[in-house]
Amino acid sequence: MKRALVMGFVAALLVPNTVDAGLRRVLLGYSHEGRPIKAYRLGDPASENVVLVVGCIHGNECAGKKVITALKKRPPPRGVKIWMIEALNPDGAAAGTRQNGRGVDLNRNFPRKWRHQGARWSTYYSGPRAASEKETRHAMRFVDEIRPDVTIWYHQAMSLVDRSGGRVAIQRRYARMVGLPLRRLDPLPGTATRWQNHHFDNSTSFVVELPGGELSWRSAKTHARAVVTVGKM
């Protein structure tokens, strides 16, 4: 069921942004190394169309943060409420590492089809157990609170939209708008999208693999338009 209003800890922590009166922010918690993890809300706070955008879960794949910058610069959209997390993995983003500050690949740490993989700082280290990482738990709690209809997780550098689950029409529309192919990648253990699409009814959580390197401002604005469009579907 959709939620018209954000409740619980999100509503309690919501504070105005002094730069843009249409933007609101909330502190989700802190990373392993103590960096804040923040979410921003843009758009109609009463809308039942809820979108979540995560710019960076792998610290060496952070081009999606520019899409969030582009969203913040747009006029507040009507008919949709957009939540944005620039970096779920701020420690990895600061260090330029795929893993978080404990050497864990956060996108193998979610509690859906989780299995132990690798060792600390190896590419796909799953962590010692499902949801062992603070960052994973912050994300799970936040998703459970806001119940997004659509969630977009940005990665690099395969240049495609992954048919990750949920409504294919949404993923197809996004892919067409940004000029990327829609592909079905093999499902992986412990990913955020598998957890969301399994755990929440009517959830469409999918991965957008951006090209490698820095995203151009033109491309960032194109992706921002696509976020708003699919959020209203």
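Look up: the structure comes first, before these words.
All figures in this text were calculated on a predicted structure; none of them were measured in a lab. (Residues numbered from 1 in each chain as written. Predicted model: local features only at pLDDT ≥ 70, side-chain atom pairs only at ≥ 80, totals over all residues. Heavy atoms only, no water.)

K.L.:
In this structure, what is going on with the state of the cysteines? I would like to understand it.
P.N.:
Among covalent bonds in proteins, the disulfide is the one between the sulfur atoms of two cysteines. Summed over all chains, the structure comprises one disulfide. Cys 56 shares a disulfide with Cys 62; S-S distance 2.0 Å. Assessed through its relative accessible area of 0%, Cys 56 is described here as buried. (Disulfide = S-S within 2.5 Å. Buried < 20%, exposed > 50% of the residue type's maximum accessible area, 1.4 Å probe, protein only.)

K.L.:
I keep staring at the side chain of His 58 and nothing clicks. Help me out?
P.N.:
Structurally, His 58 is set in the loop between β4 (50–54) and α2 (64–73). Accessibility expressed as a relative area gives 2% for His 58, which makes it buried. Side chain to side chain, His 58 and Asp 105 meet in a polar contact 2.6 Å long. Once residues within four sequence positions are removed from consideration, His 58 is found in contact with Asn 89, Thr 97, Arg 98, Asp 105, Asn 107 and His 155. (Helix = DSSP H or I, 4+ residues; strand = E, 2+ residues; numbered from the N terminus. Polar contact = N/O pair within 3.5 Å; in protein donor to acceptor, adjacent residues only side chain to side chain. Contact = heavy atoms within 4.5 Å.)

K.L.:
Explanation requested: the environment of Thr 229 in the structure shown.
P.N.:
As for its position among the elements, Thr 229 is in helix α7 (residues 217–231). In this structure Thr 229 comes out as partly exposed when scored by relative accessible area, which is 23%. Sequence separation between Thr 229 and Pro 128 is 101 residues; the distance between their C-alpha atoms is 39 Å. Those residues within four positions of Thr 229 in sequence are excluded, and the remaining contacts are Arg 173 and Met 177.

K.L.:
Got a minute to help me understand the packing of aromatic side chains in this structure?
P.N.:
Scanning the entire structure with this criterion turns up five aromatic pairs. Aromatic side chains Trp 83 and Phe 142 sit 5.2 Å apart centroid to centroid with 85° between the ring planes, which places their arrangement in the edge-to-face category. Of this pair, Trp 83 sits in strand β5 (residues 81–85) while Phe 142 sits in helix α4 (residues 134–146), and the two are 59 residues apart along the sequence. Under the relative-accessibility criterion, Trp 83 is labelled buried at 0%. Residues Tyr 174 and Phe 206 carry aromatic rings whose centres are separated by 5.7 Å and whose planes lie at 75° to one another, so their mutual orientation is edge-to-face. In this pair, Tyr 174 is assigned in helix α5 (residues 168–178) and Phe 206 in strand β8 (residues 204–211), connecting sequence segments 32 residues apart. Exposure class is identical for Tyr 174 and Phe 206. Each is buried. Clustering of aromatic rings is evident, with ring pairs tying together Phe 110, Trp 153, Trp 195 and Phe 200. When the ring centre of Tyr 40 is taken as origin, the NZ or CZ atom of Lys 72, which lies over that ring, is 3.7 Å away. (Phe/Tyr/Trp six-rings, centres within 6.5 Å; stacked < 30°, edge-to-face > 60°. Lys NZ or Arg CZ within 6 Å of the ring centre and 35° of its normal.)

K.L.:
Where do I start with α7 in this structure?
P.N.:
Along an α-helix, residues three or four apart share an orientation, since each turn contains 3.6 residues. Between its first and last C-alpha, α7 extends 21 Å over 15 residues, near the 21 Å set by a 1.5 Å rise per residue. Considered for burial, the residues of α7 that qualify are Ala 220, Thr 222, His 223, Ala 224, Ala 226, Val 227, Val 228, Val 230 and Gly 231. Summarising the contacts, the buried residues of α7 are in contact with β4, α2, β5, β6 (150–162), α5 and β8. (Expected span 1.5 Å × (residues − 1).)

K.L.:
Help me understand the pattern of salt bridges, please; the structure alone is not making it clear to me.
P.N.:
A side chain of one charge can pair with a side chain of the opposite charge when the charged atoms of the two come close. Under the definition given, this model contains nine salt bridges. We note a salt bridge from Glu 33 to Arg 35, for which the minimum N-O separation is 2.6 Å. Relative accessible area serves as the criterion here: at 47%, Glu 33 is assigned to the partly exposed category. Relative accessible area serves as the criterion here: at 32%, Arg 35 is assigned to the partly exposed category. Across the pair Lys 72 and Glu 86 runs a salt bridge whose closest N-O atoms are separated by 2.8 Å. One end of the pair, Lys 72, is in helix α2; the other, Glu 86, is in the loop between β5 and α3 (90–95), and 14 residues separate them in sequence. Taken together, the shared-partner salt bridges in this structure form one network comprising Glu 61, Arg 98, Asp 105 and Arg 108. (Salt bridge = Lys/Arg side-chain N within 4 Å of Asp/Glu carboxyl O.)

Nothing here speaks to function; it is geometry throughout.
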